[in-house]
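# Residue-level structural notes
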Amino acid sequence: MKQLFYLIFILSLTDITAQTEKKFILRTNFGYNFSHQDNLDSRQSVDQYYPGGININKFNFGLSAGRKLKSNFYYGLGISSTISKEETNSDVKFPEGSWGFISLTSYMNTISKNSSISPTIYFQYFTNFSEKFSITFDLYSKYTFNSNS
C-alpha cells in the first residue's frame, strides 16, 4: 500500500509526454485535493457561523487522444470528470447546558456533492529545444455537464 501511495504521489507531480514522433498521442491526468476552512476562513458574511469549519474533497480525472496533423501539431478529443464533496460542521461538539442562563444555538451539518463531466476538443503545438526539453501550447474547448446533490 505504501509503494502505491508513493507511485501515485510521484505521478501526480509529473507530466511526461513520450513518442512525439508517432502518429497518435494519449494523455491522462488525475488529481486529488483536500482543504479545510476553519470558522474565520469559511465565513462568507457576518451572519454566517460555522464552528466546525468546511471540509472540501475534490477528485479529477482526464483522458485525451490525439492525432498528428503536421510535424509539430496534434489535434484530438478528450473527456474529463470532477467529483467534489463539501461538508460543513463535520465534527462540531454540541455545547453543554448552563444553569445560569439559557442560550439557543443551532448547528447544522450539511453535505453537498457535485459531479461534472466535460467533453474536450483540443489543438496542440509543441517545439523541441533539445532532446529532453520541449514547450507545448494547448488550445482547447470544453463544455461541462454538472450534477449537484
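Residues numbered from 1 in each chain as written. Predicted model: local features only at pLDDT ≥ 70, side-chain atom pairs only at ≥ 80, totals over all residues. Heavy atoms only, no water.

### Concerning the confidence of the model for the protein chain
For clarity, the cut-off: The predictor attaches a confidence to each residue, called pLDDT, with possible values from 0 through 100. In DSSP terms, a helix is any run of H or I states spanning at least four residues, a strand is any run of E spanning at least two, and both are numbered starting from the N terminus.
Put simply, the protein chain has an average pLDDT of 77, and 70% of its residues get 70 or more. Mean pLDDT values over the elements of the protein chain span from 60, in helix 2 (residues 39-42), up to 91, in strand 3 (residues 73-88).

### Details of the side chain of S116
Selection rule: Residue contacts are counted whenever heavy atoms from the two residues lie within 4.5 Å of one another.
By the secondary structure assignment, S116 is in strand 4 (residues 110-128). Ignoring sequence-local partners within four residues, the contact set of S116 consists of S80, S81, T82, T144, F145 and N146.

### Here's the deal with the pattern of salt bridges
For the record, the criterion: Put simply, a salt bridge is a Lys or Arg side-chain nitrogen that is within 4 Å of an Asp or Glu carboxyl oxygen. Between buried and exposed lies partly exposed: a residue is buried under 20% and exposed over 50% of the maximum accessible area for its type, with that area taken using a 1.4 Å probe on protein chains only.
What the rule picks out here adds up to one salt bridge. D138 is paired through a salt bridge with R27; the nearest N and O atoms lie 3.2 Å apart. Taken as a pair, D138 in strand 5 (residues 134-142) and R27 in strand 1 (residues 24-37) lie far apart in primary sequence, 111 residues in all. In this structure D138 comes out as partly exposed when scored by relative accessible area, which is 39%.

### Overview of the environment of F30
Locating F30 in the fold gives a position in strand 1. Put simply, F30 and S81 are 51 residues apart on the chain and 9.3 Å apart in space, counted from C-alpha to C-alpha.

### So, the packing of aromatic side chains
How we decide: Note on aromatic contacts: the rings of Phe and Tyr and the six-membered ring of Trp form a pair at centre separations within 6.5 Å, being stacked when their planes are under 30 degrees apart, edge-to-face when over 60 apart, and tilted otherwise.
Within the structure shown, the criterion is met by four aromatic pairs. Ring geometry for F73 and F123: centres 5.6 Å apart, planes at 25 degrees, overall stacked. Of this pair, F73 sits in strand 3 while F123 sits in strand 4; the two residues are 50 residues apart in sequence, bridging distant segments of the chain. Classification of F73 by relative accessible area gives partly exposed; the value is 27%. Using a relative accessible area of 33% as the deciding quantity, one classes F123 as partly exposed.

### Regarding the pairing of strand 4
Just so we agree on the cut-off: Two strands form a pair only when DSSP identifies at least two bridges running between them.
Across 16 bridges, strand 3 lies against strand 4 in antiparallel orientation. Residue E86 lies in a different strand from strand 4, and its bridge partner there is S112. Two strands pair when backbone bridges link them, and strand 4 and strand 6 (residues 145-148) are joined in this way by four bridges, in the antiparallel orientation. Looking at the pairing, N114 lines up with N148 of strand 6. Bridge analysis of strand 4 against strand 5 gives nine bridges, and the strand direction is antiparallel. Looking at the pairing, Y125 lines up with F137 of strand 5.

### With respect to the environment of Y74
Relative to the helices and strands, Y74 is located in strand 3. On the basis of relative accessibility, which here comes to 0%, the residue Y74 falls in the buried class. In this structure the C-alpha to C-alpha distance between Y74 and Q124, which are 50 residues apart in sequence, comes to 5.0 Å.

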